[in-house]
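A look at the structure
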Amino acid sequence: MDVVVFGAGSLGSLVGGLCAREHDVTLVGRDPHISAVRESGLRVTGAVEFTVEPDARTTVPDRADLALVTVKSFDTPTAARALTDCAPAVVCSLQNGLGNEERLARSHDTVLAGTCTYGARLDGPGRVACTGIGEVVVGDPDGGPSAAAERVGGALRAANIDVQVSPRMARRRWEKLAVNAGINPVTALAGVANGALADGPLHGVATAAARETARVARENDIDLDERDAVATLESVVETTAENHSSMLQDVRADNRTEVDAINGAVVARTDEPAPVNRTLARLVRGLTA
Ligand SMILES: NC(=O)C1=CN([C@@H]2O[C@H](COP(=O)(O)OP(=O)(O)OC[C@H]3O[C@@H](n4cnc5c(N)ncnc54)[C@H](OP(=O)(O)O)[C@@H]3O)[C@@H](O)[C@H]2O)C=CC1
Ligand SMILES: CC(C)(CO)C(=O)C(=O)O
């Protein structure tokens with residue numbers, strides 16, 4: 001399969017590298033990373049270790065069977081436009097936050113939602129660390145069976161990626177949103193690793209954000225129980241205890257964060273007050289303004 005990975009930063013380089021063990025992969029990203037991959041290949045270290053030689057470019061190739069979108073959510077409109085040049089049969093987002101699939105679907109016919117709990121960190125040009133083996137879940141963004149999702153699931157499985165095809169992707173996206181709405185802003189504001197949210201006051205704030213997100217999910221006809229959202233958050237805190245969340249990394253690197261697509265998206269999808277997510281979003285925006 002010809003796979004283009006749009007946004008070869010941390011996650012895109014890891015997933016693209018894993019896929020390159022089985023498929024013809026093109027990483028689309030920025031120099032100097034892209035030049036380094038072209039010259040010496042992509043070195044993956046950490047939980048899995050190998051070197052592959054995918055094609056690497058700063059613009060999209062002429063064609064693709066599958067496009068995996070791994071830019072930050074605020075770059076999704078650019079990704080959607082750029083990918084029209086290679087007209088992929090299927091476009092699949094592996095991003096956090098809400099709204100990405102809807103934006104991609106404005107210019108592509110077959111769009112899948114995906115969530116990914118692999119951990120990735122770009123360590124330098126041509127080098128990416130796998131900071132945790134997780135799983136990819138793909139499916140139709142609105143739920144239900146999807147032949148395209150089965151094809152993508154089969155292709156990722158062939159590359160030894162742990163993947164599930166879900167007919168309940170809408171719920172899965174909100175469940176991941178509840179996790180990110182709790183962990184990401186709290187770790188970013190407090191300057192702590194995920195494991196610091198296991199108990200104490202930070203646990204209280206993070207779980208309040210997850211519970212509020214589950215309430216908003218139900219207002220949007222998604223069957224997400226508050227206890228399930230909190231249990232999932234607690235399990236992710238435990239399994240990623242050593243991780244620095246992507247939002248903490250962004251704040252530390254003075255990069256733009258995804259707070260608008262995470263806590264901001266929760267606030268935007270309810271007519272009722274959502275004080276926990278609203279406050280966290282305002283604090284993160286204040287911190288990075
Ligand atoms: N890292 C992780 O472990 C995980 C990340 N995620 C999610 O995956 C998504 C990506 O995260 P992450 O990999 O950490 O982010 P990164 O910022 O590391 O990667 C995105 C890359 O895409 C590049 N990019 C953006 N626009 C373009 C463009 N037009 N052309 C070429 N390259 C472009 C960016 O370059 P530049 O910055 O120069 O614009 C950057 O290198 C996010 O939604 C995140 O929440 C989900 C699970 C785990
Ligand atoms: C699951 C979690 C919280 C892992 O750090 C993540 O998705 C992120 O950091 O964005």
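If you check an unreviewed UniProt entry, the protein appears there as 2-dehydropantoate 2-reductase from Halococcus hamelinensis 100A6. UniProt lists a comment for the protein under the heading Sequence similarities (unreviewed entry), and it reads "Belongs to the ketopantoate reductase family." Its UniProt record, at the heading Pathway (unreviewed entry), says of the protein: "Cofactor biosynthesis; coenzyme A biosynthesis."

The environment of ligand 2 is formed by N96, K176, N180, I183, N184, N194, V236, N243, S245 and S246. Contact with the protein chains hides 87% of the accessible area of ligand 2, taken as 280 Å² for the molecule alone. Here the shell around ligand 2 gets four residues from one element, more than from any other, and that element is helix α6 (residues 169-190). Grouping the amino acids of the shell around ligand 2 by side-chain chemistry returns two nonpolar, seven polar and one charged.

Per the UniProt annotation, the sites labelled "domain: Ketopantoate reductase N-terminal" (unreviewed entry) are residues 3-142. Helix makes up 23% of residues 3-142 and strand 36%. Its end C-alpha atoms lie 24 Å apart.

We now examine the sheet that holds strand β5 (residues 55-57). In space, the eight strands of this open sheet follow the order β5-β2-β1-β6-β7-β8-β11-β12, with mixed pairing throughout. Across the chains shown, the open sheet's two edge strands, defined by having one partner strand only, are β5 and β12 (163-165). Averaged over all neighbouring strand pairs, the angle between strand axes comes to 20 degrees, with direction disregarded. With three bridges connecting them, strand β2 (residues 24-28) and β5 associate as parallel partners.

With that out of the way, let us pick up the pattern of salt bridges. Throughout the structure, instances matching the rule amount to 15 salt bridges. Of the charged contacts, one joins R63 and D65 as a salt bridge, the two residues approaching to 2.8 Å between their closest N and O atoms. D65 sits in the partly exposed class, given a relative accessible area of 26%. Between R121 and D123 there is a salt bridge whose closest N-O contact spans 2.8 Å. One salt-bridge network, held together by shared partners, links R171, R172, E175 and D228.

Right, let's get into the nonpolar core. With 37 residues, the main nonpolar core has L14, L27, L68, Y118, V136 and I161 as its most contacted residues. Apart from residues no more than four positions distant in its own chain, L68 is found in contact with V3, V4, V5, F6, V15, C19, C92 and L94. L98, V179, V216 and A281 belong to the second largest nonpolar core, which has 30 residues in total.

Below, the discussion takes up helix α1 (residues 10-19). In terms of burial, α1 is largely enclosed, as eight of its ten residues are buried. When α1 is considered as a whole, its buried residues turn out to be G12, S13, L14, V15, G16, G17, L18 and C19.

This part takes up the packing of aromatic side chains. Enumeration over the complete set of coordinates arrives at zero aromatic pairs. Geometry around F50 places R21 over its ring, the cationic atom sitting 4.9 Å from the centre.

The rules behind these values
Residues numbered from 1 in each chain as written. Chains lettered and ligands numbered in written order. Predicted model: local features only at pLDDT ≥ 70, side-chain atom pairs only at ≥ 80, totals over all residues. Heavy atoms only, no water. UniProt positions renumbered as here; feature names shortened; annotations may be inferred. Near = heavy atom within 4 Å. Areas by Shrake-Rupley, 256 points an atom, 1.4 Å probe, with all protein chains shown as cover. Helix = DSSP H or I, 4+ residues; strand = E, 2+ residues; numbered from the N terminus. Nonpolar A, V, L, I, M, F, W, Y, C, P; charged D, E, K, R; others polar. Pairing = 2+ DSSP bridges. Axes fitted to C-alpha atoms, helices over the stretch in contact; angles between N-to-C directions. Salt bridge = Lys/Arg side-chain N within 4 Å of Asp/Glu carboxyl O. Buried < 20%, exposed > 50% of the residue type's maximum accessible area, 1.4 Å probe, protein only. Core = buried A, V, L, I, M, F, W, Y, C linked by side-chain atoms within 4.5 Å. Contact = heavy atoms within 4.5 Å. Phe/Tyr/Trp six-rings, centres within 6.5 Å; stacked < 30°, edge-to-face > 60°. Lys NZ or Arg CZ within 6 Å of the ring centre and 35° of its normal.

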